[in-house]
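An overview of the molecular structure
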Amino acid sequence: MESDKKRIAIIGAGISGLMACKYTLEKGFNPIVFEARSGIGGVWSQTMESTKLQTPKHFYQFSDFSWPREVKETYPDHTQVLEYLHAYALHFNILPRIKFNSKVTCIDYVTSSTADLHSWDLWGGSGEPFSPWGKWRLTVRNGQNPSASAPTDQVYQVDFVILCMGRYSDLPNIPDFPLNKGPEVFNGKVLHSMDYAAMDDDVAADLIKEKRVTVIGFQKSAVDIAAEVANKNGATHPCTLLFKTAHWIVPEYLLPLVFQGLNRFTELMIHKPGEGFFIWLLAMLLSPLLWIFSMSIECYLKYMYPLKKYNMVPTHRFLKQISSCMFTVLPANFYDRIKDGSLFLKKSQSFSFCRNGLIVQGESKPLLSDIVILATGYKSEEKLKNMFSSTLFQKCIAESSAPFYRECIHPQIPQLAILGYADSPAILYSTEMRSKWLAHFLAGNFRLPTISKMEEDVMEWEKCKRRDEKESYRRSCVSTLLQIYCNDQLCKDMGCNSRRKNWFLAELFAAYGPKDYKDLS
């Protein structure tokens, strides 16, 4: 079988890496998965004790592998998620394909063609997944023997690479500080939320015990860590959450309502790239319904929680936050901890370090701290760029703000796909669809359009989303509110029926989920 002869390398054994392996196996390939850690699961393998799903589990499951019946919770915790991923890997015999403790340090495209890659009209010169002119060379560092005097590097040559490194790991974003105002002058301990999450639960608990902890940020990690510290230390050693911008924090019981709203009728209200006049007009006429929905949620949250009292009223619309992939779920007892003095909230545009804590803008006294945890995100694009040894490909990543074609193919980088990079409210669901699409492409079931057509497509997406999201635009988050529309495009490419419901009203008003795409032949 021809597919047996083609070598496919998958970098990362998180959720996207497992699915990439599973679906390429189904198409007759023999992929090899390189995982830098000693186990599967990606970020789920190293996370905080209190971490759990922020997506209802029926939206966060594999289309052909349901959650075990004994998992009754709507939002399983991180241990249950990791067990679910292990069960999936065992069921589809993925584990034998994984080389653990094998970190890919760089990848290099080696071509025998004398022509400039950027002179090609078709992706890879042919528009097909495997080019007769080039292969990828991977440098892999073996970390199984930490006592060795020097790490062992091994070189692999493959026909196709699938990058499944994820966005929220490995390369933390550390703010820059003026000279003598950064962590170097602080007598306490400074760490990133990534390092805190990687600790064993008992080690993390011992680190923060009876310490004055300040958490920087207001996204998911920041809010979760602050709540966890406040619950453990109580009012005797309160935690401070220092943030620049407030975001809408949604209680768990509202999430099903939000996800049920991700249906075809809702997508009629949203402008799409390359839309015709009728679709544009329909979106214009229906869009006030989105505004009403967003305002209703905002009014409810302001009524239920003391947002104004604690200076936590966001300046942006709730819907804009969802479309920008900034979704945070309210931790249990969050406001109770504020009320009993276990958690303090401070809003400030800037801060710096001093010997015994932080200098917060607008305050005369230092914020005394023993530990500062920077929940300030990750440099995901830089991490992606650094994988390439070629400065040409590094520029392709760094100098472009446009999304990838079908959110996984860069038009100028041949024989390579990127999974798990595109953000989504239900990342497993959206990544599985692209894994299926990619497997169909690798099997030769369709060809890519010309490079110019792909670039035209991604620029249409960028233009459309920049118009809607303006300064909140990120190329990793372009299809949040158009998930079904994007899946329709993938189905069309694969030659599958994109209408997955049994009758008209369900097709229009029922939410789409993983089970709707179980059988894509």
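Just so it is clear, the model here is predicted, and its values are computed rather than measured.

**Looking at the domain arrangement of the chain**
Partitioning the chain into domains gives domain 1 (7–169 + 379–517) and domain 2 (183–374). Taking only C-alpha atoms into account, the centre of domain 1 sits 27 Å from that of domain 2. At the junction of the two partners, domain 1 supplies 42 residues and domain 2 supplies 37 residues. Carbon and sulfur atoms make up 60% of the area that domain 1 and domain 2 hide from each other, which totals about 3600 Å².

**Brief notes about a nonpolar patch on the surface**
Taken together, the side chains of F277, W280, L281, M284 and L285 present a nonpolar region at the surface, about 530 Å² in accessible area. For L285, a relative accessible area of 60% corresponds to the exposed category.

**Looking at the sheet that holds strand β16 (residues 367–368)**
Strand order in this open sheet of three strands is β14-β15-β16, and the pairing throughout is antiparallel. Edge positions in the sheet fall to β14 (351–354) and β16, since each of these pairs with one other strand and no more. Of the pairings in the sheet, the one linking strand β15 (residues 357–360) to β16 comprises two bridges and is antiparallel in character. Among the inter-strand pairings, G357 is bridged to a residue of β16, identified as L368.

**Structural notes on the sheet that holds strand β1 (residues 8–11)**
Pairing in this open sheet of five strands is parallel, and the strands run β3-β2-β1-β7-β18 from one edge to the other. Strands at the two margins of the open sheet, each flanked by one partner only, are β3 (98–99) and β18 (416–418). Contacts from helix α2 (residues 15–26) reach β1, β2 (32–34), β3 and β7 (160–163) within the one sheet, and its direction differs from that of β1 by about 160 degrees. Each of β1, β7 and β18 touches helix α14 (residues 427–442); the most contacted strand, β7, lies at about 175 degrees to it.

**Remarks on the side chain of T139**
Along the chain, T139 falls in strand β5 (residues 134–142). Those residues in contact with T139, other than ones at most four positions away along the chain, are K103, V104, T105, C106, D153, Q154 and V155.

**A closer look at the packing of α14 against helix α16 (residues 483–494)**
At a closest axis distance of 10 Å, the pairing of α14 and α16 adopts a crossing angle of 15 degrees. The pairing of α14 with α16 is recorded here as roughly parallel in orientation. Crossing geometry of α14 relative to α16 is assigned as left-handed. For the pair α14 and α16, contact is made by Y429, S430, M433, R434, K436, W437 and H440 and by Q483, C486, N487, L490, C491, D493 and M494, respectively. Residue composition of the contact of α14 with α16, grouped by class: seven nonpolar, four polar and three charged.

**Points about the pattern of salt bridges**
The full count for this structure, using the stated rule, is 22 salt bridges. Notably, a salt bridge pairs D159 with K135, separated by 2.4 Å at the nearest N-O pair. Here D159 is found in the loop between β6 (152–158) and β7, whereas its partner K135 is found in strand β5, with 24 residues between them in sequence. K346 is paired through a salt bridge with E363; the nearest N and O atoms lie 2.9 Å apart. Taken together, the residues K346 in strand β13 (residues 343–347) and E363 in the loop between β15 and β16 connect sequence positions 17 residues apart. What emerges from the salt-bridge pattern is a single network uniting R264, D488, R499 and E507.

Parameters and conventions
- Residues numbered from 1 in each chain as written.
- Predicted model: local features only at pLDDT ≥ 70, side-chain atom pairs only at ≥ 80, totals over all residues.
- Heavy atoms only, no water.
- Domains from an automatic or database assignment.
- Contact = heavy atoms within 4.5 Å.
- Buried area = accessible area lost by both parts, 1.4 Å probe.
- Patch = residues over 30% accessible without salt bridge, like charges linked within 9 Å, V, L, I, M, F, W, Y side chains within 5 Å.
- Areas by Shrake-Rupley, 256 points an atom, 1.4 Å probe, with all protein chains shown as cover.
- Salt bridge = Lys/Arg side-chain N within 4 Å of Asp/Glu carboxyl O.
- Buried < 20%, exposed > 50% of the residue type's maximum accessible area, 1.4 Å probe, protein only.
- Pairing = 2+ DSSP bridges.
- Helix = DSSP H or I, 4+ residues; strand = E, 2+ residues; numbered from the N terminus.
- Axes fitted to C-alpha atoms, helices over the stretch in contact; angles between N-to-C directions.
- Parallel < 35°, antiparallel > 145°, perpendicular 65-115°, else oblique.
- Left-handed = near helix turned anticlockwise from the far one by under 90°.
- Nonpolar A, V, L, I, M, F, W, Y, C, P; charged D, E, K, R; others polar.

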